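Summary of structural features
Residues per chain are reported as follows:
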Amino acid sequence: MPEHTVKSYEEELSLLDTKISRMGGLAEHNLAQAFDALQRRDARQAELVIVADHAIDVLERDVEEQVIEIIARRQPMANDLRHVIGALRITSDLERIGDLAKNIGKRAAAIAEVSHPKPVISGLSQMAELALKQLKMVLDAYAERDAELALKVWRDDQKIDATYNSLFRELLTYMMEDPRNIGLSTHLLFGAKNLERVGDHTTNIAETVFYLVRGEAISDDRPKGEDTTMARLAEHG
Amino acid sequence: MEHQVVEGSKPVTVPALDPTITARGVNVFYGDKQAIFDVDVDVPRNAITSFIGPSGCGKSTFLRCINRMNDTIPICTVTGDIRIDGEDIYDPRLDVVELRARVGMVFQKPNPFPKSIYENIAYGPRIHGLTRSKKELDELVEKCLEKAGLLKEVKDRMNEPGTGLSGGQQQRLCIARAIATRPEVILMDEPCSALDPIATAKVEELMEELKENYTIIIVTHSMQQAARVSQRTAFFHLGKLVENGDTRQIFTNPSDKRTQDYITGRFG
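So, here's what we can say about the structure. (Residues numbered from 1 in each chain as written. Chains lettered and ligands numbered in written order. Predicted model: local features only at pLDDT ≥ 70, side-chain atom pairs only at ≥ 80, totals over all residues. Heavy atoms only, no water.)

Quick look at the overall build of chain A now. Helix and strand counts for chain A stand at six helices and zero strands. Helices and strands appear in chain A in the N-to-C order α-α-α-α-α-α. Overall size of chain A, expressed as C-alpha extent along the three principal axes, is 70 × 40 × 25 Å. Out of the 237 residues belonging to chain A, those deemed buried represent 51%. Considering only residue pairs separated by 6 or more positions, chain A has 84% of its internal contacts joining residues 24 or more positions apart. When the accessible surface of chain A is summed, it comes to about 11100 Å², and 53% of that surface belongs to carbon and sulfur atoms. Positive and negative charge centroids in chain A, built from 30 and 41 side chains respectively, lie 2 Å apart. (Helix = DSSP H or I, 4+ residues; strand = E, 2+ residues; numbered from the N terminus. Buried < 20%, exposed > 50% of the residue type's maximum accessible area, 1.4 Å probe, protein only. Contact = heavy atoms within 4.5 Å. Areas by Shrake-Rupley, 256 points an atom, 1.4 Å probe, with all protein chains shown as cover. Lys, Arg positive; Asp, Glu negative; His and termini not counted. Charge placed at Lys NZ, Arg CZ, Asp CG, Glu CD.)

Structure follows, in structure tokens:
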């Protein structure tokens, strides 16, 4: 694509991408660290993740202010307009992902003293891997303006949902087996729910990237994967 | 993957419903030099259409075909077919003076006649015999000034020269003058480029009201103005029509790469 005649405009738009990529990198890092802390029952690392979220919040405000300034001063049109609106939306999804990583950190800190049931942790770790992989892919899709890759991320979210569903059932069974497991299992369930929400925000980003590149919304229906809200306890009784 | 927007060989045109003006295969030459190449355009009724494009792209030349202003340039020839409500405006039997009453025009620089405010408006209806009495003419003048949002500002100074008004007022006077002959179409060639933002806003508000009863075409160099005021946009480049469609679509997701480069400020 040819550059803007006004160079400072070009620079402002690329600065926006630099900030988003930095934010995305931080969100990825925090999420990985948070899960690692949960898995290794490392309270200290969990605390670090909680503190580190602040940097993402600061970047979000920064991007927001920059987008507002670009709209006010440059009145972007067409793909530029989609670029700045996309940046605004992606930044808010990344901020939420940062919050979810922080929440996982809080859970990790809360249960650091308790030993975890092995099979549950392996399910959770599979989910965390998927969520991280999806997040990385969507950030690549944004950087490369790759609508096909964004579409793949969008479709693949159902894998995270499927893992969450089975994990939900597993934890429920575990709680019913022994009420002493309820405290720990609830924390882990919230952890899993946080990862599932990370997947949803990643999907939002994928939708934004697709719109940014193509100028239209993704049209096919995504299979809705998360079905635990409808799960009946009786099934497990 | 790369962006879908590509440079097409044929213009991207979304058809307009109920067009007032239809142009087909229009070419314009200044002597040997061709200024417009095979342009097809539909201009919808009771809507504002903006013509945009870099200087020298032919948008003003094309605009001037619609009221045959190019006839006044001896070396200029126009070929092709332009119709208003189905009527061929290049039909040799057509009365050009009458055509220009049906197709009013407003120019870049306000150009009121060196006459009183009243006479500026009354002149057209009088020569076209549109009113039968002084009273009727007075009413028409008042109505046109009212429509142009100027009546309140000038009603106590109707006999003062039109050239004594501010730039913005002069431009609205010219719009009032254009609508006095009861046209169907109003052509505006950069009507706000000499006006301050407040006067511009008043003209834009006026256009918005006028579009209920008129078909309006505006040539503008301001992308923001085209995006603000028009429902349809046509982008011209090097004498060709590149893209013509809904303004909303053109400014959020244009189909042709040249349109995108132009409206985002990436041209050459």
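Resuming the write-up.
On to the pairing of strand E10 (residues 232-237) of chain B, then. Residues and elements named next belong to chain B. Burial runs high along E10: six of the six residues are buried. Neither face of E10 is left uncovered, since the one carrying Arg232, Ala234 and Phe236 and the one carrying Thr233, Phe235 and His237 both have all their residues buried. Taken together, the four bridges between strand E4 (residues 48-52) and E10 define a ladder with parallel strand orientation. By the bridge assignment, Thr49 is partnered in E10 with Arg232. Bridge count between E10 and strand E11 (residues 240-246): six bridges; the pairing is antiparallel. Looking at the pairing, Phe236 lines up with Leu241 of E11. Here E10 folds back onto E11 in antiparallel fashion, the turn holding two residues, of which Leu238 has a positive phi close to 50 degrees. (Pairing = 2+ DSSP bridges.)

Residue and element names in this part refer to chain B. All chains considered together, the criterion is met by eight aromatic pairs over all chains. Judged by centre distance (5.8 Å) and plane angle (55 degrees), the ring pair of Phe51 and Phe62 falls under tilted. Taken together, the positions of Phe51 in strand E4 and Phe62 in helix H1 (residues 59-66) put the pair eleven residues apart, joining distant regions of the chain. As far as burial versus exposure is concerned, Phe51 and Phe62 are alike and both buried. Its end group placed over the ring of Phe113, Arg177 keeps NZ or CZ at 4.2 Å from the ring centre. Geometry around Phe37 places Lys240 over its ring, the cationic atom sitting 5.5 Å from the centre. (Phe/Tyr/Trp six-rings, centres within 6.5 Å; stacked < 30°, edge-to-face > 60°. Lys NZ or Arg CZ within 6 Å of the ring centre and 35° of its normal.)

Moving on, we get to the environment of Gly25(A). Within the secondary structure layout, Gly25(A) lies in helix H1 (residues 7-40). When its relative accessible area of 33% is taken as the criterion, Gly25(A) is described as partly exposed.

Now for the pattern of salt bridges. In this structure the tally under the stated criterion is 35 salt bridges over all chains. Here Arg145(A) makes a salt bridge to Asp17(A), at a shortest N to O gap of 2.9 Å. With Arg145(A) in the loop between helix H4 (118-144) and helix H5 (147-177) and Asp17(A) in helix H1, the pair connects residues that are 128 residues apart, well separated along the chain. Here Lys135(B) ties to Glu139(B) by a salt bridge, and the two come within 3.0 Å at their closest N and O atoms. Of this pair, Lys135(B) and Glu139(B) both sit in helix H4 (residues 134-147), four residues apart, which is roughly one turn of that helix. Exposure remark for Glu139(B): the relative accessible area of 44% places this residue in the partly exposed category. (Salt bridge = Lys/Arg side-chain N within 4 Å of Asp/Glu carboxyl O.)

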